[in-house]
Amino acid sequence: MSAQLSALRPAAPGYVPPPITGEGFPLTDQQRELLELAGRLGREKFAPRAAQYDRDATFPFENYDDMREAGLLRICVPKAYGGLGADYLTYCLVAAEIGRHCGATALTWNMHVCSTLWSGPLADDLDMTSEQRAEHERHRAIHFERIAKHGKIYAQPFSEGSAAAAGKAPFGTLATKVEGGWILNGKKIFASLSGAADYYGILCTEDKPDRSMRDTLYMAVPADAPGFSITGDWDPLGMRGTVSRTLILKDVFVSDDAQLMPRGVYFQAASRWPHMFSTLSPTYMGLAQAAYDFTVSYLRGEVPGMPPVKRRMYPTKQVAVAEMRIKLEQTRALFLRAASDAKVDPSKDERLRVYAAQYTIMENANDIARLAIRTCGGQSMLRSLPLERIYRDSRCGSLMLPWTAELCLDRIGREALYESGEVDD
Ligand SMILES: Cc1cc2nc3c(=O)[nH]c(=O)nc-3n(C[C@H](O)[C@H](O)[C@H](O)COP(=O)(O)OP(=O)(O)OC[C@H]3O[C@@H](n4cnc5c(N)ncnc54)[C@H](O)[C@@H]3O)c2cc1C
C-alpha cells in the first residue's frame, strides 16, 4: 500500500484528529512530551509501515529501532536505573497514541513495557521482607540495565492453553530449583515478539509438592538459552505483526538472577494490583480513535490518495458518525478514569470499574471499526486503506487473557453480587 494512505494527514484546513486524551485532559510535562513524540513517530514512521508488517505477518523491527532511539523501550524503567520513570497512566496514554498508528507495535510494546512496569513501580508498592527487597533490587538492576543501556527487548508469555492464563489454575510450566538457578520445562502459546525478543518473561510454577498459584515465578529466559525453541506458524486474522508463536522450554537453565520478582510476589501483585492486567487495553483505545478519525476524514473526502468525494451530507452517515462518537467518548471516559485509578489495593468500586473499562474498550474498538466500514462503504475496506486492518486488529482485543470480554463479565457479575468470603447456603 502506498505509505501516504495510512498516515491520516489532513489537507489544511480539514479534519484535525484530536489528542488521544480528548482536548482538556490535564497532562504533566512528561506526558505532553511523550505524547508528542509518540504521535510524531506514529504518523511519520509506524503508520506508513503498518500495512507491510500486517501483510507479511512480520515483526516491526524498524519501529523498535525507532522506539529504542527515542527512549521508549525504557519508558517505565525507574529513573534511578536509567529509564524515563513514567508511571502507569503515562504508559497508558502513550500506548494508546501508538495504537492509533500501528496496533501490532502498541500491543507488543505493551508486553515489553510490562516487564519493567511490574518489576519496577508496581513491585515498589508490594510487601517484601528486607531480604526479598534487597534480592529484587539486585536482580532488577540487571534487567533494567539490559533495557536502559543496551536496548534489549523483553516478551511476556504467560498463555498456555489451559486455565492458568485466565488466573484460575497454576501455570503448567515448571521451574525446579537447582544449585545457582532454576531448570524450566513447559510450553507457552501466543508468545508475542517471538523471535524478536532478547528475553522472554516466563510465568511458571515452582516445582514442589502441593504447588498452587501462590508459587508462581516470573523468570527472564534469554532467547539463546540451550533448550529454548520457537515453533509453529503465525498466520492470524489480525495483530499479525505481533508474531505470537509457540515457545518450548526443555530443561532450560536460568541463573538465580533471572527472577523478575521474588518468590510469592507475582501472586501478591495479581491480587493487589489488578490494573496490571489492563495494560493491553490502551492499544485498542488507539484503534478505536483511528477508526473514528478515518471515518471523519473519509466522509469529508480528505483521505490522501482518494478522490476528494464528500459523503458527509447524507443523514445516515451523520447518524453513524454520531453513534461512533458516542461510543468513542464512552470508551475514552472509562479508559482515562480506570488508568487514573490504578494503584495497589484499589477499592471494590475501582476494581469493578477497571473490568468495565477493559470490556468496554475491547468491545467498542471493534464495534466502532464495524460501524466505520459500514458507513464508509466498500471502497473503505480495500487493503490500500488502513480501516480493514483496524477492523481485524480490533477484533483480537476481547480475546486477550486474563481479562477477555467473557471473563470481565464473569468477574463483574460475581464480584458485584458477592462480598469477599460470602457464599450461599
Ligand atoms: C494477537 C494476540 C497476541 C497475543 N499475545 C500474547 C502474549 O504476548 N503473551 C501471552 O501470554 N498471551 C498472548 N496472547 C494470548 C491471549 O492472551 C490468550 O491467551 C489466547 O488468545 C487464548 O486463546 P485460547 O483459545 O487458548 O483460550 P481459551 O483458554 O481456550 O479460552 C477461550 C475463551 O474462553 C473463556 N475462558 C477461558 N477460561 C475461562 C474460565 N476459567 N472461565 C470462564 N471462561 C473462560 C475466555 O473468554 C476465552 O477467551 C495473544 C493473543 C492474541 C490474539
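Anyway, here's the lowdown on the structure attached to this text.

Rules used in this analysis
- Residues numbered from 1 in each chain as written.
- Predicted model: local features only at pLDDT ≥ 70, side-chain atom pairs only at ≥ 80, totals over all residues.
- Heavy atoms only, no water.
- Core = buried A, V, L, I, M, F, W, Y, C linked by side-chain atoms within 4.5 Å.
- Buried < 20%, exposed > 50% of the residue type's maximum accessible area, 1.4 Å probe, protein only.
- Helix = DSSP H or I, 4+ residues; strand = E, 2+ residues; numbered from the N terminus.
- Pairing = 2+ DSSP bridges.
- Disulfide = S-S within 2.5 Å.
- Phe/Tyr/Trp six-rings, centres within 6.5 Å; stacked < 30°, edge-to-face > 60°.
- Lys NZ or Arg CZ within 6 Å of the ring centre and 35° of its normal.

### Comments concerning the nonpolar core
Phase 1: The biggest cluster of nonpolar side chains holds 129 residues, and the ones touching the most others in it are L72, I75, W109, W118, L184 and Y284.
Phase 2: The dominant element in this core, judged by the number of residues it contributes, is helix α10 (residues 348-376), at 13 residues.

### Some points on the pairing of strand β7 (residues 245-255)
Looking along a regular strand, one sees the side chains alternate between the two faces of the sheet.
Phase 1: Summarising the sheet, strand β3 (residues 181-191) and β7 pair through 8 bridges and their orientation is antiparallel. Each bridged residue has a counterpart across the sheet, and for W182 the counterpart in β7 is V254.
Phase 2: Across 4 bridges, strand β6 (residues 228-231) lies against β7 in antiparallel orientation. The partner of I230 across the bridge, within β7, is L247.

### Remarks on the state of the cysteines
Phase 1: Tallying each qualifying case throughout the model produces 0 disulfides.
Phase 2: Distance from the sulfur of C396, which forms no disulfide, to the nearest cysteine sulfur (C102) is 13 Å.
Phase 3: For C396, a relative accessible area of 13% puts it in the buried group.

### Some details on the pairing of strand β4 (residues 199-206)
Phase 1: β4 sits mainly inside the fold: 8 of its 8 residues count as buried.
Phase 2: The pairing of strand β2 (residues 174-178) with β4 spans 2 bridges and is classified as parallel. Across the sheet, L174 pairs through a bridge with T205, a residue of β4.
Phase 3: Sheet analysis places β4 next to strand β5 (residues 216-222), joined by 7 bridges and oriented antiparallel. Following the sheet pairing, C204 is matched in β5 by L217.

### Considering the packing of aromatic side chains
Phase 1: Across all of its chains, the model carries 14 aromatic pairs by this definition.
Phase 2: Relative to Y218, the ring of W118 lies with its centre 5.7 Å away and its plane at 55 degrees, an arrangement referred to as tilted. Placement of W118 in helix α5 (residues 103-124) and of Y218 in strand β5 is noted, with a sequence separation of 100 residues between them. Pair check on accessibility: W118 and Y218 agree, each one buried.
Phase 3: The structure contains a cluster of three or more aromatic residues connected by ring pairs, namely W118, Y218, Y266, F277, Y355 and W403.
Phase 4: Lying across the ring of W182, K177 places its NZ or CZ 5.2 Å from the centre.
Phase 5: The ring of Y418 carries the charged tip of R414 above its face, separated from the ring centre by 4.6 Å.

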